[in-house]
Amino acid sequence: MKEKLTIVKVGGAVVEDEAQLARLLHDFSGIKGRKMLVHGGGRKATKVAASLGIESKMVDGRRLTDRDMLEVVTMVYGGLVNKNIVACLQAMGINALGLTGADLNAIRSHRRPIQDGIDFGFVGDVDQVNADGLRTLIEDGLTPVIAPLTHDGEGHMLNTNADTIAGETAKALAACYDVTLMYCFEKKGVLSNPDDDESVIPVITRQDFARYVADGIVAGGMIPKLENALAAVEAGVSRVIITQATAIDGLQGTVIR
């Protein structure tokens, strides 16, 4: 029987809220067994970029990343946000290790090609996860904390969607662990009515997803989140849950099947 591994992805809105983040990290520290954290930080990057006079440009919720913005996200994601989380976890008795995809050659990506006339710049799409390297850290009792940055193997950092990193990492580690992947954000789950926080859809399958997208119930940034979640389940991840950051006990939220 495979040992259990819990991978928690926390979004930028939670990362920016000190109270929410503190609660999530406290709950995360209480998860028994092996665990790993993947974090976002886009809102913090937007603020820092603005303070430097750098404009943030988004398309369908995804950041266009030119050279100036790449420097900002590398500093914010890999430095400020990542190390603050690691320090908080260390204070809670969790021996956390902060990583980007370049560290340990953990996650290698290629630069996204121009799509429909849109040049995303230095944005990476994942090619490979170093599952053996991450497993070595985990088996040594460390808790990896991964920032949403990867590299191309040719000396270039790439800004990479944190949901994608969580999903690809879960898929790679599913070969050696019984993986539960949790996407945590500010809502209680996937909502059938965005104006009603109680309208949580309890279960979503691939067929449900197609119908919800067609009906406009699922839109915007929730589409790639669900695509990553469905791909993870289909690749052998045991359990995927989209839930609120205050509910990482796995008893609430939307289960992906």
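What counts, and where the lines are drawn
Residues numbered from 1 in each chain as written. Predicted model: local features only at pLDDT ≥ 70, side-chain atom pairs only at ≥ 80, totals over all residues. Heavy atoms only, no water. UniProt positions renumbered as here; feature names shortened; annotations may be inferred. Disulfide = S-S within 2.5 Å. Buried < 20%, exposed > 50% of the residue type's maximum accessible area, 1.4 Å probe, protein only. Pairing = 2+ DSSP bridges. Helix = DSSP H or I, 4+ residues; strand = E, 2+ residues; numbered from the N terminus. Contact = heavy atoms within 4.5 Å. Axes fitted to C-alpha atoms, helices over the stretch in contact; angles between N-to-C directions. Arc of directions from axis to C-beta. Polar contact = N/O pair within 3.5 Å; in protein donor to acceptor, adjacent residues only side chain to side chain. Core = buried A, V, L, I, M, F, W, Y, C linked by side-chain atoms within 4.5 Å.

- Going by what an unreviewed UniProt entry lists, the protein is known as Acetylglutamate kinase and is assigned to Prevotella sp. GTC17254.
- In its Pathway (unreviewed entry) section, the UniProt record describing the protein reads: "Amino-acid biosynthesis; L-arginine biosynthesis; N(2)-acetyl-L-ornithine from L-glutamate: step 2/4."

### Here's the deal with the state of the cysteines
Here is step 1 of the chain: For the coordinates displayed, the defined rule picks out 0 disulfides.
Here is step 2 of the chain: A disulfide-free cysteine, Cys 88 has its sulfur positioned 16 Å from the sulfur of Cys 184, the nearest such atom.
Here is step 3 of the chain: Under the relative-accessibility criterion, Cys 88 is labelled partly exposed at 35%.

### Looking at the sheet that holds strand β8 (residues 143-146)
Here is step 1 of the chain: Read from one edge to the other, the open sheet built from 8 strands follows the order β5-β8-β2-β1-β11-β13-β14-β12, with strand pairing classed as mixed. Of all strands in the sheet, those bounded by a partner on one side alone are β5 (96-99) and β12 (203-204).
Here is step 2 of the chain: Pairing of β5 with β8 involves 4 bridges; the strand directions are parallel. Counterpart to Gly 98 in the pairing with β8 is Val 145.
Here is step 3 of the chain: Seen against the sheet, helix α8 (residues 222-234) touches β1 (3-10), β11 (177-185), β12, β13 (239-244) and β14 (254-256) and runs at an angle of roughly 150 degrees to β13.

### Some points on the UniProt feature "site: Transition state stabilizer" (unreviewed entry) in the protein
Here is step 1 of the chain: With numbering matched to this structure, UniProt assigns "site: Transition state stabilizer" (unreviewed entry) to Lys 9 and Lys 225. The greatest C-alpha distance among the annotated residues, which extend across 217 residues, is 10.9 Å, indicating that they converge on a single site.
Here is step 2 of the chain: Tracing the backbone shows Lys 9 in strand β1.
Here is step 3 of the chain: The exposure class assigned to Lys 9 is buried, which follows from its relative accessible area of 7%.

### A few points about helix α7 (residues 206-215)
Here is step 1 of the chain: Of the positions making up α7, those classed as buried are Asp 208, Phe 209 and Tyr 212. Relative to the axis of α7, the buried residues are bounded by an arc of 100 degrees and lie together on one face. For α7, exposure combined with an orientation more than 90 degrees from the buried face picks out Gln 207 and Ala 214.
Here is step 2 of the chain: Against β12 and α8 lie the buried residues of α7.

### Some points on the side chain of Arg 112
Here is step 1 of the chain: Mapped onto the fold, Arg 112 is located in the loop between β6 (107-111) and β7 (124-129).
Here is step 2 of the chain: Engagement of the side chain of Arg 112 in a polar contact is seen with the side chain of Asp 125, the distance being 2.8 Å.
Here is step 3 of the chain: Leaving out residues up to four positions away in the same chain, Arg 112 has contacts with Arg 62, Phe 120, Val 123 and Asp 125.

### Some remarks on the nonpolar core
Here is step 1 of the chain: Residues Ile 7, Leu 173, Val 179, Leu 181 and Leu 226 are the most contacted members of the largest nonpolar core, which totals 40 residues.
Here is step 2 of the chain: Once you skip the residues sitting within four places of it in the chain, Leu 173 turns out to touch Leu 5, Ile 7, Met 36, Ala 131, Leu 134, Arg 135, Ile 138 and Val 179.
Here is step 3 of the chain: Ranked by size, the runner-up nonpolar core spans 36 residues in total, among them Val 73, Val 76, Leu 149 and Ile 241.

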